[in-house]
Amino acid sequence: MYAVGRLPGSGLAKGLAVTMRAMTRRSITRQYPEVQPDLAPRSRGVIALLEENCTVCMLCARECPDWCIYIDSHKETLPAEGGGRARTRNVLDRFAIDFALCMYCGICIEVCPFDALFWSPEFEYAEYDINELTHEKDRLREWMWTVPPPQPPDPLGEPPKEIATAEKAAARPARAAAAAPKARRAEAPAPEAPAPEAQAPEARAPETPAPGKPATGGDEGPA
């Protein structure tokens, strides 16, 4: 039974009307790959690696939900300059990402503390074999040059944490230099008070004997 006030076939008529409107419009087709698409500035194409910033902390591999990041490294001992203690550092041997497993969540980029991973808008890395979707650090380094520059911060928003931290670190030496004179003045010993000058004893006037009382000498005995 049809609803009250609804004509039979009205839904079909509406669908055909939409079809007719679409048929009368001019179609716009981009001739890819001759014409490249206009991608958004923050589009997620592929993950690029800046090898110089990587410290092999393994944080990205541990936080990856798909476990698609493979890292190998070895330790090197650097001789200290000036006869100090030798320093040990990690050297990156392999950094590979299996894009057949990657879910493009961006967690590895967010947790990297040294800005070694970046989003690149490059998306043309399809392969005929799924095993060839594991790209090594050399290929990831090539995509680094396609990373767009960061967008300027919003003037009405809060400053980024990195800029705020850098400004605090830059202002710390100035505050220390301004507080140094006050600290030196506080630590300086107080000037000693001058010693009082020796004063001569005041001469005392001889006492006048009371009436009816004999005067007495200083060291004389009774007469």
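Owing to the predicted nature of the structure, the values given are computational and were not obtained by experimental measurement.

Peer 1: Let's hear about the overall build of the protein: which residues, and what values?
Peer 2: Counting its regular elements, the protein contains five helices and five strands. For the protein, the α and β elements follow one another from N to C terminus as α-β-α-β-β-α-β-β-α-α. Once local pairs closer than 6 in sequence are excluded, the contacts in the protein between residues at least 24 apart make up 70%.

Peer 1: I'd like to hear about the nonpolar core, residue by residue, with values.
Peer 2: Generally speaking, a soluble globular protein has its nonpolar side chains buried in company with each other. With 28 residues, the main nonpolar core has Ile 47, Ile 69, Ile 71, Phe 95, Ile 97, Phe 99 and Leu 117 as its most contacted residues. Counting residues per element, the ones that place at least two in this core are β1 (46–49), α2 (59–63), β2 (69–78), β3 (87–98), α3 (107–111) and β4 (117–120). Among the elements that take part in this core, β1 stands out by supplying four residues, more than any other. When residues no more than four places from it in sequence are discounted, the contact partners of Phe 99 are Val 46, Ile 47, Tyr 104, Tyr 125, Leu 133, His 135, Leu 140 and Trp 143.

Peer 1: Tell me what's going on with the sheet that holds strand β5 (residues 134–135), and back it up with residues and numbers.
Peer 2: Spatial strand order, β2-β3-β5: three strands in an open sheet with antiparallel pairing. Strands with a single pairing partner mark the edges of an open sheet, and in this sheet they are β2 and β5. Two elements, β2 and β3, share ten bridges in a ladder whose sense is antiparallel. Along β3, the bridge assignment pairs Ser 73 with Leu 92.

Peer 1: Help me get a handle on the packing of aromatic side chains, residues and values and all.
Peer 2: In this structure the tally under the stated criterion is six aromatic pairs. Aromatic pair Phe 99 and Tyr 125: ring centres 5.4 Å apart, planes at 55°, arrangement tilted. Here Phe 99 is found in the loop between β3 and α3, whereas its partner Tyr 125 is found in the loop between β4 and β5, with 26 residues between them in sequence. With a relative accessible area of 5%, Phe 99 lands in the buried category. Accessibility expressed as a relative area gives 9% for Tyr 125, which makes it buried.

Peer 1: Could you give me a rundown of the side chain of Ser 120, with the residues and numbers involved?
Peer 2: By the element assignment, Ser 120 lies in strand β4. The class for Ser 120 is buried, based on a relative accessible area of 0%. For Ser 120, the residues in contact, after removing those within four places along its chain, are Ser 43, Arg 44, Gly 45, Val 46, Ala 48, Trp 143, Thr 146 and Val 147.

Peer 1: Describe the side chain of Ser 43, and please don't skip the residues or the numbers.
Peer 2: In this fold, Ser 43 is placed in the loop between α1 (10–24) and β1. At a separation of 3.1 Å, a polar atom in the side chain of Ser 43 contacts the main-chain carbonyl oxygen of Ala 40. Contact partners of Ser 43, with chain neighbours within four places excluded, come to Trp 119, Ser 120 and Pro 121.

About the cut-offs
- Residues numbered from 1 in each chain as written.
- Predicted model: local features only at pLDDT ≥ 70, side-chain atom pairs only at ≥ 80, totals over all residues.
- Heavy atoms only, no water.
- Helix = DSSP H or I, 4+ residues; strand = E, 2+ residues; numbered from the N terminus.
- Contact = heavy atoms within 4.5 Å.
- Core = buried A, V, L, I, M, F, W, Y, C linked by side-chain atoms within 4.5 Å.
- Buried < 20%, exposed > 50% of the residue type's maximum accessible area, 1.4 Å probe, protein only.
- Pairing = 2+ DSSP bridges.
- Phe/Tyr/Trp six-rings, centres within 6.5 Å; stacked < 30°, edge-to-face > 60°.
- Polar contact = N/O pair within 3.5 Å; in protein donor to acceptor, adjacent residues only side chain to side chain.

Function cannot be inferred from these measures alone, as they are strictly geometric.
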